[in-house]
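Residues per chain, in single letters:
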Amino acid sequence: MLLLELLILEGLRAGMGSAVLGTLDLQIDEEQPAGTIIGDISAGLPPETSAYMYFISAQEGSGVSTDLGIDENTGIIKTARVLDRETRDRYSFIAVTPEGITVEVNIQVNDINDHAPAFPKQHSTFQIPEHTPIGSRFPLDPAFDADSGLLNTQGYMIKGGNVGQAFRLETRRGPNGVLYLDLVVSNVLDRENRSSYSLLLEAYDGGSPPRSTQMTLDVSIQDINDNAPSFNQSRYHTLISENLKPGSSILQVFASDADEGDNGDVIYEINRRQSDPDQYFTIDARTGVIKLNKGLDYEVRKVHELVVQARDKAVHPEVTTAFVTIHVRDYNDNQPTMTIIFLSEDGSPQISEGAQPGQYVARISVSDPDYGEYSNVNVTLEGGDGKFALTTKDNIIYLICVDQLLDREERDSYDLRVTATDSGTPPLRAESAFVLQVMDVNDNPPLFDQQEYKQSIPEVVYPGSFVLQVTARDKDQGPNGEVRYSILHDRDTHSSWFTIDPATGIITTAAPLDYEKDPQPQLTVLATDRGTPALSSSAVVRVALQDVNDNEPVFRSNFYNVSLKENTPIGTCFLQVGTGIEA
């Protein structure tokens, strides 16, 4: 039977040029159940023509024999299985009647919205540099919909995650019917404000109701070096002791960079051209910890200013500057210093014994290279037996003054000690000891050992003979205590008979002595110092002359003439002659 049909069909093909040809176009929606009637071949026969049998001819692989069920007797065409337009959208075959009438049957499988658009990936990532210009486009993989026409992909929308309306979607239909998709920047992208967006994209078709599908697009905002490091404070202050050991940590600066990667990796350095050229300090490039590099001296420099830079590690780095002020606290490492100026004419430690209470002896200036509490120096005076006092008005300049009357003859020098002590812990002190000499003034006259001297000598001595030595002492010193002797001459005392050595006080005879003229000559001896003005005192020297027989008796007159009365009684003295007789 099959062989017969094939022969008939071959014969029909050979004679088709004269055969009656009919056409039958049928349609069926996809996804209909198997056994659904598509149509009747007889509908394609010429009018008023019928057939009781049809010979079916279809190309191999056309799917007619597998997908369609054709009743060759009735011409009824049914689906043999559920048809899928996306697999095959058209079927064609030829039906021939025994009479040779040929009907070309075309069955179109109509699309129904049985497919939703499908993105190639349900989750995708995308990177966009920050500060990308608004309007910049970035193509995305489109969604494909196996349906056709209006049932194909008709649009896209952002369903969520579009913070700040940073993006929008724009589409274009390609020649192949695919609706292509572009992600468009619609707002400023700043990674430091928002580093990523998780966009929920939806693709939808034109079905009613439409079918849709969604995907997640994670947009990562790529960093550019648009931020400089920022210090947490523009100026740092700290206080350290000058005895801090090198290597000790002082403080830590901190700067952050909103960028990421090398653009946000901060390193620190001290700008040596603007600060700390002597490298007293170092800074850890990674941590920002500033350390002492070498010893400090408050007395040399009290404040150090550092210019610290923070830079990122970008190819073209951004740099920010902060200032660090380091105050050095004084440590009591310096003892006070004293400068003593003696107010004498030659600048030596001396004072006149005639100085009155309140008169200044010396000026003391006190300083302490240390600062603050350690510069509060207390000055004390020791020694002097209460004769001297210390006074000040400002605790910087001190004056040693006479507090009680002085007497060089009582004491000619005093041991004084001045001590300056600071307020440190422990305190440091400076001392200065000196001997203050009390200088003489001519306030004492020479004093003789006795106020009256007596000496006995023969009257007959040669001029220059030793009589006695007087001694006067003067408590003063120098010229004020140098004694010179002299005789206060008086005619009535025969002082001219004597002379005195002005240096030794030795009295000698200067002329012959004469007991008969003055058996007890008297001298007034003066002792005078060489002060200005000179002071003097006197003593009396009484000399007793020892008589010797150095004179003959001599009548008082060479001729006596006397008259006597007669009858003058015997024994009457009528004349007395006198002689100069030595005692």
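Source: prediction; values computed, not measured. (Residues numbered from 1 in each chain as written. Predicted model: local features only at pLDDT ≥ 70, side-chain atom pairs only at ≥ 80, totals over all residues. Heavy atoms only, no water.)

## Concerning the overall build of the chain
In step 1: When its secondary structure is counted, the chain shows two helices and 40 strands.
In step 2: Its C-alpha radius of gyration of 74 Å places the chain more than 25% over the 25 Å reference for a compact globule of 583 residues.
In step 3: Its C-alpha atoms put the chain at 265 × 35 × 35 Å along the principal axes.
In step 4: Within the chain, buried positions represent 38% of all 583 residues.
In step 5: Sequence separation of 24 or more characterises 67% of the internal contacts of the chain that already satisfy a separation of 6 or more.
In step 6: For the chain, the accessible surface area stands at approximately 32500 Å², while carbon and sulfur atoms represent 49% of it. (Helix = DSSP H or I, 4+ residues; strand = E, 2+ residues; numbered from the N terminus. Rg over C-alpha atoms; globule rule 2.2 N^0.38 Å. Buried < 20%, exposed > 50% of the residue type's maximum accessible area, 1.4 Å probe, protein only. Contact = heavy atoms within 4.5 Å. Areas by Shrake-Rupley, 256 points an atom, 1.4 Å probe, with all protein chains shown as cover.)

## Observations regarding the nonpolar core
In step 1: In terms of nonpolar packing, the biggest core is built from 24 residues, with Phe 231, Val 253, Phe 281, Ile 290 and Val 324 touching the most fellow members.
In step 2: Looking at this core, the elements that each hand over two or more residues are β16 (235-241), β17 (249-252), β19 (266-270), β20 (281-283), β21 (289-292), β22 (303-312) and β23 (319-329).
In step 3: Sorting elements by how many residues they give to this core places β23 first, with four residues. (Core = buried A, V, L, I, M, F, W, Y, C linked by side-chain atoms within 4.5 Å.)

## Concerning the UniProt feature "domain: Cadherin" (unreviewed entry) in the chain
In step 1: The feature "domain: Cadherin" (unreviewed entry), as given by UniProt, occupies residues 20-119, 120-231, 232-338, 350-448 and 449-555 in the numbering adopted here.
In step 2: Secondary structure across residues 120-231 comprises 0% helix and 50% strand; the distance between its end C-alpha atoms is 47 Å.
In step 3: Helix and strand shares over residues 232-338 are 0% and 45% respectively, and the end C-alpha atoms of the span are 48 Å apart. (UniProt positions renumbered as here; feature names shortened; annotations may be inferred.)

## Some words on the packing of aromatic side chains
In step 1: If you walk through the whole model with that rule in mind, you get nine aromatic pairs.
In step 2: Both rings, one in Phe 342 and one in Phe 434, keep their centres 4.9 Å apart while their planes meet at 75°; by these two values the pair is edge-to-face. One end of the pair, Phe 342, is in strand β24 (residues 337-342); the other, Phe 434, is in strand β31 (residues 429-439), with 92 residues separating them in the sequence.
In step 3: Judged by centre distance (5.4 Å) and plane angle (80°), the rings of Phe 388 and Tyr 414 are edge-to-face. Placement of Phe 388 in strand β28 (residues 388-392) and of Tyr 414 in strand β30 (residues 413-421) is noted, with a sequence separation of 26 residues between them.
In step 4: The class for Tyr 414 is buried, based on a relative accessible area of 3%.
In step 5: Chaining the aromatic ring pairs together yields one cluster made of Phe 231, Tyr 236 and Tyr 268.
In step 6: A cation over a ring is seen here: Arg 194 above Tyr 197, with NZ or CZ 5.3 Å from the ring centre. (Phe/Tyr/Trp six-rings, centres within 6.5 Å; stacked < 30°, edge-to-face > 60°. Lys NZ or Arg CZ within 6 Å of the ring centre and 35° of its normal.)

## What about the sheet that holds strand β5 (residues 76-79)?
In step 1: If you trace the three strands from one edge of the open sheet to the other, you get β2-β5-β4, paired in antiparallel fashion. The open sheet terminates on both sides in strands that have one partner only, identified here as β2 (37-40) and β4 (68-70). With direction set aside, neighbouring strand axes in the sheet form an average angle of 20°.
In step 2: Sheet topology note: the β2/β5 ladder contains three bridges and is antiparallel. Opposite Ile 37, over in β5, you have Lys 78 as the bridge partner. (Pairing = 2+ DSSP bridges. Axes fitted to C-alpha atoms, helices over the stretch in contact; angles between N-to-C directions.)

## Some thoughts on the domain arrangement of the chain
In step 1: Assigned domains of the chain: these are domain 1 (21-110), domain 2 (123-222), domain 3 (230-329), domain 4 (337-439) and domain 5 (447-546).
In step 2: Measuring from the centre of the C-alpha atoms in domain 2 to the corresponding centre in domain 3 gives 49 Å. (Domains from an automatic or database assignment.)

## Considerations on the sheet that holds β20
Backbone-to-backbone hydrogen bonds pair the strands of a sheet. The strands run either parallel or antiparallel.
In step 1: Here three strands make up an open sheet; going across it, the order is β17-β21-β20 and the pairing antiparallel. Looking at which strands have only one partner, the edges of the open sheet turn out to be β17 and β20. Each neighbouring strand pair of the sheet contributes to a mean axis angle of 25°, computed without reference to strand direction.
In step 2: Pairing of β17 with β21, which is carried by three bridges, proceeds in the antiparallel orientation. Across the sheet, residue Leu 251 finds its bridge partner in β21, namely Ile 290.

## Some details on the environment of Asp 368
In step 1: Mapped onto the elements of the fold, Asp 368 is located in the loop between β26 (360-367) and β27 (378-383).
In step 2: On the basis of relative accessible area, Asp 368 is assigned to the buried category, the value being 11%.
In step 3: Sequence spacing of Asp 368 and Arg 429 is 61 residues, and the spatial spacing of their C-alpha atoms is 10.0 Å.

## Some details on the pattern of salt bridges
In step 1: Enumeration according to the criterion identifies 22 salt bridges in this entry.
In step 2: With a closest N to O distance of 3.2 Å, Arg 81 and Asp 67 form a salt bridge. One end of the pair, Arg 81, is in the loop between β5 and β6 (90-96); the other, Asp 67, is in helix α2 (residues 64-67), with 14 residues separating them in the sequence.
In step 3: Exposure remark for Asp 67: the relative accessible area of 9% places this residue in the buried category.
In step 4: Members of the salt-bridge network, linked through shared partners, are Arg 137, Arg 168, Glu 170, Arg 172 and Asp 182. (Salt bridge = Lys/Arg side-chain N within 4 Å of Asp/Glu carboxyl O.)

## Some points on the side chain of Thr 508
In step 1: Assignment of secondary structure puts Thr 508 in strand β38 (residues 506-509).
In step 2: Not counting residues up to four positions away in its chain, the partners in contact with Thr 508 are Gly 464, Ser 465, Phe 466, Val 467, Trp 497, Phe 498 and Thr 499.

## A closer look at the confidence of the model for the chain
In step 1: A residue-level look at the chain finds 94% of positions with pLDDT of 70 or above and a mean pLDDT of 89.
In step 2: In the model of the chain, helix α1 (residues 2-14) stands out as the element of lowest mean pLDDT, 45, in contrast to β20, which has the highest, 97.
In step 3: The model gives residues 1-9 a pLDDT under 50, and that stretch makes seven contacts with residues more than four places away or in other chains.
In step 4: Under a pLDDT of 50 for its full length, residues 11-18 has, in the predicted model, four contacts with residues more than four places off or in other chains. (pLDDT = per-residue confidence, 0-100.)

## Things to note about the pairing of β6
Two faces belong to every sheet, and in a regular strand the side chains alternate between them.
In step 1: Looking at chain direction, strand β3 (residues 55-57) and β6 are connected through three bridges and run antiparallel. Of the residues in β6, the one forming a bridge with Phe 55 is Val 96.
In step 2: Connecting the antiparallel pair β6 and strand β7 (residues 102-110) is a turn made up of five residues, with Gly 100 showing a positive phi of about 95°.

## Regarding the environment of Tyr 398
In step 1: Among the secondary structure elements, Tyr 398 is positioned in strand β29 (residues 397-402).
In step 2: Along the sequence, Tyr 398 and Ser 365 sit 33 residues apart, while their C-alpha atoms lie 6.3 Å from each other.
In step 3: Aside from chain neighbours lying at most four places away, what touches Tyr 398 is Ala 362, Arg 363, Ile 364, Val 366, Val 377, Val 379, Leu 390, Thr 391 and Thr 392.

## Side note on a nonpolar patch on the surface
In step 1: On the surface, Phe 555, Val 562, Leu 564, Phe 574, Leu 575 and Val 577 cluster together to form a nonpolar patch covering roughly 520 Å² of accessible area.
In step 2: Structurally, Leu 564 can be placed in the segment after β40 (536-546). (Patch = residues over 30% accessible without salt bridge, like charges linked within 9 Å, V, L, I, M, F, W, Y side chains within 5 Å.)

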